[in-house]
Amino acid sequence: MPIVSHARIIIEKKLESAMLEIRYKRHMVRDTLDMDHDYKDDIFTLKIGKTVSAFYSAELKYTDSLEYRNGDFVMMRLQNYELWKSVANLPKEALFKNYPDGKIKVHDRFDLCNWIIDEDIEKPEWVIADSVMNIMGYECILAVSDFRGRRWEAWFCLDIPVQEGPWKLCGLPGLILKAQDTKRHYVYDALSLRTEGIGHVEYFDYDAGNRFTTTREKALPVKWKWLHEDIHYKIVSSGMYGISNPYLKKRDVIPHTNYDFEETDYPHEP
């Protein structure tokens, strides 16, 4: 149901009852030249229904929901640097699979804009390997796939017969509890699994009406270019938010550019 709050349109829509809720830690290397020290760990929630699923930061969903309903929280966040920083560092990606039918709707934020990226569901072509691993008490089997520019290893559990997993990894005859690319730039590890009291799979958007719609093929090169820009210089020099500094100069070194996204199959510099 659309809600108007603080001059924004909010969408919160229950799609169907959730059967499973899995929490994953995503380990993302931010500098491939310093993998042991320069990385970021985030927690994502995967909610799975009969026909749809959602993969997102539950903490960001909560704070966004609170922000657009509680003006006091907005002011508190602006006045508390540590709170502002903690929210700003939360992952902005949210994936809604099979909504609409046969599609993935991705929410993201980059290049100073909020985006909706629409794409067709593409299931990786997996090859089952002769290797097993115990994860959270479940016996899991290894499968390997070349998917969108990376080689992925995924451990799936036949005892949980749903063809889902973290991010866009899916299509195996059991839930994926662990996945990583072979360079270990991205690693997903399941932390918990629940089947009771988990509510619904929802479609939500706390910036509806303030998003640009694009395709994966168009979005990734733009995001890559944005990644290599000095975003601090771009914001300040634009005069946004009333910020100005006549002495500001471009930084000689832009941090965290020696890495790439989960998907690398698009035109960009290596």
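Computed from a prediction, not measured in an experiment: that's the story for all the values here.

Conventions adopted
- Residues numbered from 1 in each chain as written.
- Predicted model: local features only at pLDDT ≥ 70, side-chain atom pairs only at ≥ 80, totals over all residues.
- Heavy atoms only, no water.
- Helix = DSSP H or I, 4+ residues; strand = E, 2+ residues; numbered from the N terminus.
- Contact = heavy atoms within 4.5 Å.
- Areas by Shrake-Rupley, 256 points an atom, 1.4 Å probe, with all protein chains shown as cover.
- Phe/Tyr/Trp six-rings, centres within 6.5 Å; stacked < 30°, edge-to-face > 60°.
- Buried < 20%, exposed > 50% of the residue type's maximum accessible area, 1.4 Å probe, protein only.
- Lys NZ or Arg CZ within 6 Å of the ring centre and 35° of its normal.
- Salt bridge = Lys/Arg side-chain N within 4 Å of Asp/Glu carboxyl O.
- Pairing = 2+ DSSP bridges.
- Axes fitted to C-alpha atoms, helices over the stretch in contact; angles between N-to-C directions.
- Expected span 1.5 Å × (residues − 1).
- Arc of directions from axis to C-beta.
- pLDDT = per-residue confidence, 0-100.

A. Just the overall build of the protein chain, in detail. Broken down by element type, the protein chain carries five helices and 15 strands. In the protein chain, of all internal contacts separated by at least 6 residues, the share reaching a separation of at least 24 is 60%. With an accessible surface of roughly 14,700 Å², the protein chain has 53% of that area assigned to carbon and sulfur atoms.

B. Looking closely at the packing of aromatic side chains. Following the criterion strictly, the structure yields 14 aromatic pairs and no others. Measuring from ring centre to ring centre gives 5.6 Å for W152 and W167, while their planes differ by 35°; the resulting arrangement is tilted. Of the two residues, W152 is situated in strand 11 (residues 150-157) and W167 in the loop between strand 11 and strand 12 (175-181); the sequence distance between them amounts to 15 residues. Across the pair, exposure class does not vary: W152 and W167 are buried alike. Here the aromatic cluster, defined as three or more aromatic residues joined through ring pairs, consists of Y56, F96, Y99, Y203, F204 and Y206. Directly above the ring of F204 sits K61, whose terminal nitrogen or CZ lies 5.0 Å from the centroid.

C. Highlighting the environment of L172. Inspection of the secondary structure assignment puts L172 in the loop between strand 11 and strand 12. On the basis of relative accessible area, L172 is assigned to the buried category, the value being 3%. Separated by 48 residues in the primary sequence, L172 and P124 place their C-alpha atoms 8.9 Å from one another. The residues touching L172, leaving out its near neighbours within four places in the chain, are W126, I128, A143, A154, F156, V162 and Q163.

D. View of unusual backbone geometry. Of the consecutive residues Y99 and P100, the connecting peptide bond is found in the cis state with omega at 0°. By the element assignment, P100 lies in the loop between strand 6 (94-97) and strand 7 (103-110). At N98, a position not held by glycine, the phi torsion is positive, near 65°. Relative to the helices and strands, N98 resides in the loop between strand 6 and strand 7. Phi at W167 is positive, roughly 55°, even though this residue is not glycine.

E. Layout of the pattern of salt bridges. In this structure the tally under the stated criterion is 23 salt bridges. Taking the shortest distance from any N to any O, the salt bridge between D42 and R26 comes out at 3.5 Å. Note that D42 is positioned in strand 4 (residues 39-48) and R26 in strand 3 (residues 20-29), a separation of 16 residues in sequence. According to the relative accessible area criterion, D42 is buried, its value standing at 6%. Under the relative-accessibility criterion, R26 is labelled buried at 3%. Residue E93 is joined to R26 by a salt bridge in which the shortest nitrogen-to-oxygen separation is 3.0 Å. Of the two residues, E93 sits in the loop between helix 3 (81-88) and strand 6 while R26 sits in strand 3, which places them 67 residues apart along the sequence. What you see here is one network of salt bridges that share partners, running through E119, E122, R148, K168, R216, E263 and D265.

F. Up close: the sheet that holds strand 8 (residues 113-120). Reading across the sheet, the 12 strands line up as 9-10-11-12-13-3-4-5-6-7-8-15 and stay open at both edges, with mixed pairing between neighbours. Of all the strands in the sheet, the pair left with one neighbour each is strand 9 (127-135) and strand 15 (211-215). Pairwise comparison of adjacent strand axes, ignoring direction, gives a mean angle of 20° for this sheet. The pairing of strand 11 with strand 12 spans six bridges and is antiparallel. For A154, the partnering residue across the bridge sits in strand 12 and is A179.

G. Just helix 4 (residues 216-227), in detail. The first and last C-alpha atoms of helix 4 sit 16 Å apart over 12 residues, in line with the 16 Å expected at 1.5 Å per residue. Among the residues of helix 4, R216, A219, L220, K223, W224 and L227 are the ones counted as buried. The buried residues of helix 4 occupy an angular sector of 130° when projected down its axis, which confines them to one face. Every exposed residue of helix 4 that faces more than 90 degrees away from the buried side is listed here: E217, K218 and K225. Considering only its buried residues, helix 4 is in contact with strand 7, strand 8 and strand 15.

H. The arrangement of the confidence of the model for the protein chain in detail. Summing up the model confidence of the protein chain, the mean pLDDT is 86 and the portion of residues at 70 or higher is 80%. Low pLDDT (under 50) marks residues 243-253, which in the prediction has 11 contacts with non-local residues, meaning those over four places away or in another chain.

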